[in-house]
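A look at the structure
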Amino acid sequence: MNSKVKVTERYPRINLLRFVSYHLNNAFPIAADSFFVRIHIQAKKNHIFEARGLSKVYKMGEVEVVALKDVDFDLFPGEMMVLLGASGSGKSTLLNILGGLDTPTSGSVMYEQTMLSEANESELTQYRRKHVGFVFQFYNLIPSLTARENVALVTEISDNPMTPEEALGLVGLSDRMDHFPAQLSGGEQQRVAIARAVAKKPHVLLCDEPTGALDVETGKIVLKALDRVNREVGTAIAIITHNAAIAAMGDRVVQMSSGRIVENTINTERMSLDKIVW
Ligand SMILES: Nc1ncnc2c1ncn2[C@@H]1O[C@H](COP(=O)(O)OP(=O)(O)OP(=O)(O)O)[C@@H](O)[C@H]1O
Ligand SMILES: [Mg+2]
């Protein structure tokens, strides 16, 4: 399939505009400028995240650790983004700020129409509860509850959730719903964690090294589950990984180094996980 057609189909209208403006800008930086500004204004309405000038400084007694330096970051509806970078480059700090788990020292973060960087604690709690799903390296399941009950914990406090059965079906665990975490493999536990994150139908999933504790084949199964959620439910996903090979599965790859975004690449084709070797 032609890659441009693919982009159009996956992201109706707005992503075609982004795609065209990106390439036009590369080819004719000056002539395209006013066109790009116009496109950008249209695109703004459709952001999941729009972060500008983000900095984060952790103070440890006398010592200051600068984790983010003047980062501009965008995530668009339905996008699958892979975030790469060396250890300590600021990936988790960025994701935690986007997820309302941490706050920036300076700069702004807009989530859809809401200025997150001005939200108070209780607004951030509401935001985390309703709008964003998290998947971490360790699954954080409750050991005394079955897979179904772990997911139900979230669906019971959500406004318009999937059923736990739907969410677990989406990650291929229909036949494991009544298993306790100790009766599940690591990859299955991570898929329960994904089902739990997705069940409340968030617009965005933030995943911090979701395959970090898994072997290659199990990691692929977990990534396939995320890929399916992205394609079938339309959830925008940002995945942090140390594994550069995974970059091929994303629509866009953002590379961080020493607290800055140093590369932002659009993949015109998303590679199937079956073809990715690492
Ligand atoms: N709560 C904190 N207090 C102090 N320093 C912190 C804190 N969190 C992160 N840092 C520092 O900020 C920098 C960026 O950390 P971050 O966790 O964002 O990196 P990372 O890219 O996710 O690394 P890794 O790949 O190892 O997870 C590091 O130097 C880290 O030591
Ligand atoms: Mg990290």
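Residues numbered from 1 in each chain as written. Chains lettered and ligands numbered in written order. Predicted model: local features only at pLDDT ≥ 70, side-chain atom pairs only at ≥ 80, totals over all residues.

Moving on, we get to the nonpolar core. In terms of nonpolar packing, the biggest core is built from 63 residues, with I194 and A195 touching the most fellow members. Counting residues per element, this core draws most heavily on helix α8 (residues 186–198), which supplies 6 residues. (Core = buried A, V, L, I, M, F, W, Y, C linked by C-beta atoms within 7 Å. Buried ≥ 20, exposed ≤ 12 C-beta atoms within 10 Å, placed from the backbone. Helix = DSSP H or I, 4+ residues; strand = E, 2+ residues; numbered from the N terminus.)

Our next topic: the sheet that holds strand β10 (residues 260–266). The strand order across the open sheet formed by 6 strands is β6-β7-β8-β3-β9-β10, and the pairing between neighbours is mixed. A strand with exactly one partner marks an edge of an open sheet, and here the two such strands are β6 (132–135) and β10. Within the sheet, the average angular offset between the axes of one strand and its neighbour, ignoring direction, is 15 degrees. Relative to strand β8 (residues 236–240), strand β7 (residues 204–208) runs parallel, the two sharing 5 bridges. Looking at the pairing, L206 lines up with A238 of β8. (Pairing = 2+ DSSP bridges. Axes fitted to C-alpha atoms, helices over the stretch in contact; angles between N-to-C directions.)

The next thing to look at is helix α6 (residues 147–155). All of the buried residues along α6 are A147, R148, N150, V151, V154 and T155. Looking straight down α6, one finds that the buried residues subtend no more than 165 degrees of arc, so they occupy a single side. Buried positions along α6 lie against α7 (164–170) and α8. (Arc of directions from axis to C-beta. Contact = placed C-beta atoms within 7 Å.)

Turning our eyes to something else, we now look at the confidence of the model for the protein. When pLDDT is averaged across the protein, the result is 87; 84% of the residues are at 70 or more. Taken together, the stretch residues 1–14 has pLDDT below 50 and engages in 15 contacts with residues farther than four places along the chain or on a different chain. The low-confidence segment residues 24–44, where pLDDT is below 50, has 14 contacts with residues more than four positions distant or belonging to other chains. (pLDDT = per-residue confidence, 0-100.)

Mapped onto the secondary structure, Q189 falls in helix α8. Separated by 50 residues in sequence, Q189 and Y139 place their C-alpha atoms 6.4 Å apart. Those residues within four positions of Q189 in sequence are excluded, and the remaining contacts are Y139, L141, P181 and L184.

Here 4 strands make up an open sheet; going across it, the order is β2-β1-β4-β5 and the pairing antiparallel. Each having just a single partner strand, β2 (63–75) and β5 (114–115) make up the two edges of the open sheet. As defined by bridge partners, strand β1 (residues 49–60) adjoins strand β4 (residues 106–111) across 5 bridges and the pair is classed as antiparallel. Considered in β4, the bridge of R52 is made with S108. Seen against the sheet, helix α4 (residues 91–98) touches β1, β2 and β4 and runs at an angle of roughly 60 degrees to β2.

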